[in-house]
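# Notes for the structure review
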Amino acid sequence: MERVALLVIFAVLGLAAVQAEDPYLYFTWKVTYGTISPLGVPQKVILINNQFPGPNINSTSNNNIVINLFNQLDEPFLLSWNGIQQRKNPWQDGVAETNCPIPPGKNFTYHFQVKDQIGSFFYFPSLGLHKAAGGFGGLRVNSRLLIPVPFDPPADDYTVLIGDWYTKGHKALRAILDSGRTLGRPNGILINGRSGKDKAGKNEEPLFTMAPGKVYRYRVCNVGLKTSLNFRIQGHALTLVEMDGSHTMQNSYESLDVHAGQCYSVLVTADQTPRDYYLVASTRFTKYSLAATAVIRYEGSKVAPSPDLPPAPVGWAWSLNQWRSFRWNLTASAARPNPQGSYHYGSINITRTIVLANSVGSVGGKTRFAINGASFAGGPTPLKLAEYFGVAKKVFKYDTIEDTPPRELEKSIKVAPVVLQATFRTFIEIILENPTRSLQSYHLDGYSFFPVGMGSRKWSPEKRSTYNLLDAVSRHTIQVYPKSWTAIMLTFDNAGMWNLRSEIWERQYLGQQIYISVLSPAKSLRDEYNPPDNLLRCGAVLGLPLPPPYTI
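My aim in this report is to walk through the structure given alongside it, one point at a time.

Definitions and cut-offs
Residues numbered from 1 in each chain as written. Predicted model: local features only at pLDDT ≥ 70, side-chain atom pairs only at ≥ 80, totals over all residues. Heavy atoms only, no water. Phe/Tyr/Trp six-rings, centres within 6.5 Å; stacked < 30°, edge-to-face > 60°. Helix = DSSP H or I, 4+ residues; strand = E, 2+ residues; numbered from the N terminus. Buried < 20%, exposed > 50% of the residue type's maximum accessible area, 1.4 Å probe, protein only. Pairing = 2+ DSSP bridges. Axes fitted to C-alpha atoms, helices over the stretch in contact; angles between N-to-C directions. Arc of directions from axis to C-beta. Contact = heavy atoms within 4.5 Å. Core = buried A, V, L, I, M, F, W, Y, C linked by side-chain atoms within 4.5 Å. Salt bridge = Lys/Arg side-chain N within 4 Å of Asp/Glu carboxyl O. Disulfide = S-S within 2.5 Å.

Evaluation of the coordinates by the stated rule reveals 30 aromatic pairs. Taken together, a centroid distance of 4.9 Å and an interplanar angle of 40 degrees make the contact between Trp29 and Tyr123 tilted. Taken together, the residues Trp29 in strand 1 (residues 24-36) and Tyr123 in strand 7 (residues 119-125) connect sequence positions 94 residues apart. Comparing Trp29 with Tyr123, the two get one shared label, buried. Arranged with centres 6.4 Å apart and planes meeting at 50 degrees, the rings of Tyr467 and Trp485 form a pair that is tilted. Taken together, the residues Tyr467 in the loop between strand 28 (450-456) and strand 29 (477-480) and Trp485 in strand 30 (residues 484-491) connect sequence positions 18 residues apart.

This is the structure we're talking about:
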């Protein structure tokens, strides 16, 4: 009888464990203006809880993240979560065409779950060029104890947010873009909101500390507006272990090119002579040269870093070859995003090929950036809400552009809400063509994809023979080199309205983005969640009744 009783108790405990809800992390954030001088010039920036950059979110896989955000700016505001897939939950995506903005003086509570993406990400403000003023911060997803990662726990874990920076405020920069001009060169580079030097040109206090013989993890994200940056640490090798939420084969590099919107994790061994060393972030693929440094101190060091900074690589061919060396770690139990179709992506039949080419032209005497001859412009009603409430025909037209670019990209650019439809759970190949002389960087919300190929000039079907169909690293942001193409593959199995955009913010702001509508015909909770009770409404959906809720 005692044995039976124990078995019953264990069974009840086991059932409770299975049914127990995943842990919650709660945050209360106040978004305000503040005055700081990141490049020595006082300027108004966006703070979160009086911090610049904002607070770091340190979560674990399957955690529920609840953020009650109070917008104390004088403008509408939204946060988005760069690389967090929001599976079945487009209502938390936080971009202009999926969410109504949070009005000034109001609050909104985000609630989303981080799943299956064990790695390094960041959040950022998505409206009104707010990103140029701050409001961004690191977001890491750690592995649960039951899921081993392919390296030993580091002695410490550091977030490094690098990016270009302008001394003009976001409203002044926005006015420049609204006038049809581009932003021009930035004024400097920041590392965690600092340039590395004080007004007298002396080194700021060390940003990180290492103990001799120990191994440290550095999570490096490019949160800037436009510029690709090269990241390196004086005298130290970088062992790449993860990028954009996927574990990689652990190759060693002297430096890494980190393009706008991308995140990399590297392990660094403190195996050099104990002293101070520079961490360096410098511009790539630009006619100008800008750099920022931060001091890394070995414990107890009183020796300043050598003024001889390690040089950055030259040319984009070097960067392309580095990308070709990246390989997914197929033996690691994590990090692996949800299996969009299959991990054996190379054996799945392609159901559709979409070729997207970017261009720049003039509309009404003002500069506009476009994809396949169309430049995105939204309205007062978010596309996702218009679709859900059944008023899409009043707001936009599906398939605004063709699956192939027009012959003369820049001849006649149309301005419209650009929406492509993708059939639910189809495996699609997307070719990103860049006929310009400047580097492009693209991000897709709601998904990770497989970047299988890159090459010069235009893409053709014969280029598929060069694809990596085995171990391309699953990512959410990818570069397209000048006068080149990049091929990505993915299964559109995440229902919602998802943003494919340029991560070069002036191009995104002036139209280089589209939305992809992925509708589940079943209208089931298995495929997409119902909107939250606190859903913000605006535009054409104000006052409309909620459609019948999805059920299982």
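So, about the sheet that holds strand 32 (residues 513-519). Across the sheet, five strands lie side by side as 25-32-31-27-29; this open sheet has mixed pairing. Two strands in the sheet have a free side with no partner beyond their single neighbour: strand 25 (419-423) and strand 29. Across the sheet, the mean angle from the axis of one strand to that of its neighbour is 25 degrees, orientation sign disregarded. By the bridge criterion, six bridges tie strand 31 (residues 496-502) to strand 32 in an arrangement that is antiparallel. Its bridge partner being in strand 32, Gly496 is matched across the sheet by Val518.

Moving on: unusual backbone geometry. Backbone torsion omega between Phe52 and Pro53 reads -10 degrees, so that peptide bond is classified as cis. One non-glycine residue, Asn49, lies in the positive phi region at around 55 degrees. With respect to the secondary-structure elements, Asn49 resides in the loop between strand 2 (43-48) and strand 3 (57-60). Judged by relative accessible area, which is 28%, Asn49 ranks as partly exposed. Despite not being glycine, Asp244 shows a phi value in the positive range, around 50 degrees. With respect to the helices, strands and loops of the structure, Asp244 is situated in the loop between strand 14 (238-243) and strand 15 (246-247).

Moving on, we get to helix 2 (residues 170-178). Among all positions of helix 2, only His170, Leu173, Arg174, Ile176 and Leu177 are buried. Angular distribution of buried residues about the axis of helix 2 spans 155 degrees; they occupy a single face of the element. Of the surrounding elements, those touching the buried residues of helix 2 are strand 1 and helix 6 (505-509). Phi turns positive one or two residues past the end of helix 2, at Gly180, with a value near 95 degrees.

One recurring pattern in soluble globular proteins: nonpolar side chains tend to sit buried together. Tyr218, Phe231, Leu279, Leu356 and Phe492 are the most contacted members of the largest nonpolar core, which has 100 residues in total. Ignoring any residue separated from it by four or fewer positions in sequence, one finds Phe231 in contact with Val160, Ile162, Val220, Leu238, Ser255, Leu256, Val258, Val266, Leu279 and Val280. With 25 residues, the next largest nonpolar core counts Ile46, Leu73, Ile102 and Phe112 among its residues.

The element strand 7 is largely enclosed, with a buried count of seven among its seven residues. Sheet analysis places strand 5 (residues 79-82) next to strand 7, joined by four bridges and oriented antiparallel. Bridge assignment links Asn82 to a residue of strand 7, and that residue is Phe122. Sheet topology note: the strand 7/strand 8 (residues 137-142) ladder contains five bridges and is antiparallel. Paired with Phe122 across the strands is Gly138, a residue of strand 8.

For the rest of this paragraph, the subject is the pattern of salt bridges. Applying the stated criterion to the full structure yields 18 salt bridges. Close ionic contact of Asp157 with Arg140 constitutes a salt bridge, the shortest N to O distance being 3.6 Å. Taken together, the residues span a long stretch of sequence, with Asp157 in strand 9 (residues 156-165) and Arg140 in strand 8 at a distance of 17 residues. Arg140 carries the same exposure label as Asp157, and that label is buried. As a salt-bridge pair, Arg297 and Asp276 come within 2.9 Å of each other at their nearest N and O atoms. A residue pair is termed long-range when its members are at least 10 positions apart, and Arg297 in strand 20 (residues 291-298) and Asp276 in strand 19 (residues 276-283) qualify at 21 residues. Judged by its relative accessible area of 3%, Asp276 falls in the buried class.

Backbone hydrogen bonds are what pair the strands of a sheet, in a parallel or an antiparallel way. The mixed open sheet is built from five strands, whose spatial order is 11-20-19-13-17. Two strands in the sheet have a free side with no partner beyond their single neighbour: strand 11 (208-210) and strand 17 (256-258). Geometrically, the sheet is characterised by an average inter-axis angle of 30 degrees between neighbouring strands, direction not taken into account. Summarising the sheet, strand 11 and strand 20 pair through three bridges and their orientation is parallel.

For the coordinates displayed, the defined rule picks out two disulfides. Covalent S-S linkage joins Cys100 and Cys538, the inter-sulfur distance amounting to 2.1 Å. Residues Cys100 and Cys538 are joined by a disulfide whose S-S torsion is about -90 degrees; by sign, that bridge is left-handed. Here Cys538 lies in the segment after strand 32 and Cys100 lies in the loop between strand 5 and strand 6 (107-113), a separation of 438 residues in the sequence. The burial state of Cys100 is the same as that of Cys538; both residues are buried. Bridging Cys221 to Cys263, the disulfide has an S-S length of 2.1 Å. In this structure, the disulfide formed by Cys221 and Cys263 twists by about 115 degrees around the S-S bond and is classed as right-handed. You can see Cys221 sitting in strand 12 (residues 215-222) and its partner Cys263 sitting in strand 18 (residues 263-269), a full 42 residues away along the chain. Judged on exposure class, the residue Cys221 and its partner Cys263 are both buried.

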